[in-house]
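Fold and contact review
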Amino acid sequence: MYGRTVTPAFTWTALPARVVFAAGALDRVPDEVGRLETDRVLLVAGGTSNRDAIVRLQTALGERCVGVVRVAVHHGPSVSADEARQVTRNVSADVVVTLGGGSVIGLGKAIVQACDLPLIAVPTTYSGSEMTPIWGRTSGGRKQTWLDMRVLPRTVVYDPELCLGMPPRLAAASGMNALAHCLEALWSAGANPITSGLAIDGGHRLIDGLPRVTDNPDDLASHAGNLIGACLAGRALAQAGTAVHHRTAHVLGGGWGLPHAETHAVVLPHSTALVTSRAPEAVGEVRRLFDTDNPAAAVFALLNRLRLPVSLADLGMPEDALDEAAQRVVEACRNDPIAPDEPAVRRMLDDAFFGREPGPGVAP
Ligand code: NAD
């Protein structure tokens, strides 16, 4: 298969990263703080099953922990980015450590960008945000994202023990968000053999590991595999770039307040079907990943297997807003080579709204 066609020319610049991965790696955070030659930590933390971890990390840091921002992130950060930045300046922190999921990492990114500090991330979900220099903001019902190297964590500490007992719905949804990173990285215009290698490996790990942790939230080996999958997925997307899938999820999340990870999960089968029918050559690797000619159906089957909601209606999307959402997605995709037309996007949103099983798309 590989080597039969000439690989198109590409340029790839690696993003810097230091990854520390181990069961129990939470205890290595103080050493990583010292390695950056910093010693005044602002700890940004949240996550319902992580109270013990927060106390453990605070104790291990001792006097080096000069401030703590606790985040209750059910409906967005309870602490505004402005408040968190003010706390950081008040305590003269010289490094920010996040302990939590993508929302907590997002708040950490907002702080380090404004205060020009290094960031250490300790993820507790599979969002993959810790591997990207992407930050986002929603205002006036529109979510926008940007790349800024200042927000890329200098060090990521993965401790799979922090995922033990993760609620199955959170594991499944954040894992499907990571899988969306893999698929989009495979079909996006910026894909190259290196980003695709990361995305394929990440995708295999997630497809294998997500059903295992939703069936058994205490399966440490599968949490470990999924964290690696999320890491590879985040890095692949950061370098290949986003396309129609992410644009759609951002339009829906920003415009109608739908939950981030679950929206990705519901849309993914339908964005896969849309790309399959409009650019069949772009989904060759996705077909191989799922070992099927109908990857959209395989993604839909996984969504059901993980017992996640399958329709935008279940997530609270109003049906009468689908026309406007379709217009916004087309506008957001106008520079995308797989630029979909409005009727195709409207059909995709309709299928996602009703949770219909996607069709086979176009044969290879
Ligand atoms: P989240 O961080 O919003 O967390 C969801 C809920 O799970 C919260 O109540 C949290 O307290 C809880 N939680 C976190 N870890 C837990 C654990 N181990 N056990 C039990 N509960 C836990 O959810 P998420 O899916 O990780 O992140 C979504 C956010 O991340 C969105 O804001 C999205 O925009 C952002 N994101 C950013 C990027 C990027 O590259 N910039 C990528 C993916 C997601």
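The structure under discussion appears in the preceding block.
So, here is what we can say about the structure in this document. (Residues numbered from 1 in each chain as written. Predicted model: local features only at pLDDT ≥ 70, side-chain atom pairs only at ≥ 80, totals over all residues. Heavy atoms only, no water.)

As for helix H8 (residues 244-256)
Stated precisely, the cut-off is as follows: Numbering of helices and strands starts at the N terminus; helices are DSSP runs of H or I of at least 4 residues and strands are runs of E of at least 2. Any helix carries an expected span of 1.5 Å times its number of residues minus one. Note on classification: 1.4 Å probe, protein chains only; a residue is buried when its accessible area is under 20% of the maximum for its type, exposed when over 50%, partly exposed between these limits.
Between its first and last C-alpha atoms H8 spans 18 Å; for 13 residues at 1.5 Å apiece the expected length is 18 Å, and the two agree. Turning to H8, its buried residues are Val244, His245, His246, Thr248, Ala249, His250, Val251, Leu252 and Gly254. Phi turns positive, to about 65 degrees, at Gly257, one or two residues after H8.

Describing the side chain of Glu32
One can find Glu32 in helix H1 (residues 29-35). Overall, the relative accessible area of 5% leaves Glu32 in the buried class.

With respect to helix H3 (residues 81-90)
Here is the rule we go by: Comment: arc refers to directions from the helix axis out to C-beta atoms. Working rule for contacts: check all heavy atoms of both residues, and any pair within 4.5 Å makes them a contact.
Every buried residue belonging to H3 is among Ala84, Arg85 and Thr88, and all of these are buried. Projection of H3 onto a plane perpendicular to its axis shows the buried side chains occupying an angular sector of 100 degrees, all on one side. Of the exposed residues in H3, those oriented more than 90 degrees away from the buried face are Asp82 and Asn90. As for H3, its buried residues are in contact with strand S2 (41-46) and helix H4 (102-115). A positive backbone phi angle near 50 degrees is found at Ser92, which sits one or two residues after H3.

Looking at the state of the cysteines
Worth spelling out the cut-off: Cysteine sulfurs are considered disulfide-paired once they come within 2.5 Å of each other.
Inspection of every chain in the model, using the stated rule, returns zero disulfides. You can see Cys65 has no disulfide; the closest cysteine sulfur is in Cys115, sitting 16 Å from it. Of the residues examined, Cys65 reaches a relative accessible area of 16% and is grouped as buried. Free cysteine Cys163: the closest other cysteine sulfur is in Cys231, separated by 13 Å. Judged by its relative accessible area of 0%, Cys163 falls in the buried class.

Thoughts on the pairing of strand S6 (residues 134-139)
Put simply, the test is: Each pair of strands is called paired provided DSSP finds at least two bridges between the two strands.
Taken together, the six bridges between S6 and strand S7 (residues 142-147) define a ladder with antiparallel strand orientation. Note on S7: the bridge partner recorded for Thr138 is Lys143. Between S6 and S7, which pair antiparallel in sequence order, lie two residues; one of them, Gly140, sits at a positive phi of approximately 60 degrees.

Comments concerning the sheet that holds strand S3 (residues 65-71)
Consider a sheet: its strands pair through backbone hydrogen bonds, and that pairing is either parallel or antiparallel. In plain terms, the rule: To obtain an axis, a line is fitted to C-alpha atoms, over the contacting stretch when the element is a helix, and the angle between two such axes runs from 0 to 180 degrees between their N-to-C directions.
As summarised here, the arrangement of the six strands in space is S1-S8-S5-S4-S2-S3, forming an open sheet in which the pairing is parallel. Only two strands of the sheet have a single partner each, and these edge strands are strand S1 (18-21) and S3. Along the sheet, successive strands turn relative to each other by an average axial angle of 15 degrees, direction set aside. As paired elements, S2 and strand S4 (residues 95-100) share five bridges and run parallel to each other. When the sheet's bridge partners are listed, Leu42 is paired in S4 with Val96. Of the strands in this sheet, S2, S3, S4 and strand S5 (119-123) touch H4, which is tilted by about 170 degrees from S4.

Quick word on the packing of aromatic side chains
Quick note on the threshold: In this analysis, rings of Phe, Tyr and Trp, with Trp reduced to its six-membered ring, are considered paired at centre separations within 6.5 Å, and the interplanar angle assigns stacked below 30 degrees, edge-to-face beyond 60, and tilted for intermediate values.
A complete count under the given rule lists three aromatic pairs for this structure. Where Phe21 meets Tyr158, the ring centres are 6.2 Å apart and the plane angle is 50 degrees; that geometry is what we call tilted. Taken together, the residues Phe21 in strand S1 and Tyr158 in strand S8 (residues 155-158) connect sequence positions 137 residues apart. By relative accessible area, Phe21 is classed as partly exposed at 32%. When its relative accessible area of 1% is taken as the criterion, Tyr158 is described as buried.

Topic: unusual backbone geometry
The backbone phi angle of Glu37 is positive, close to 60 degrees, even though this residue is not glycine. Examined against the element boundaries, Glu37 turns out to sit in the loop between H1 and S2. For Glu37, a relative accessible area of 74% corresponds to the exposed category. With phi around 55 degrees, Asp116 is a residue other than glycine that occupies positive phi space. Note that Asp116 resides in the loop between H4 and S5. With a relative accessible area of 59%, Asp116 lands in the exposed category.

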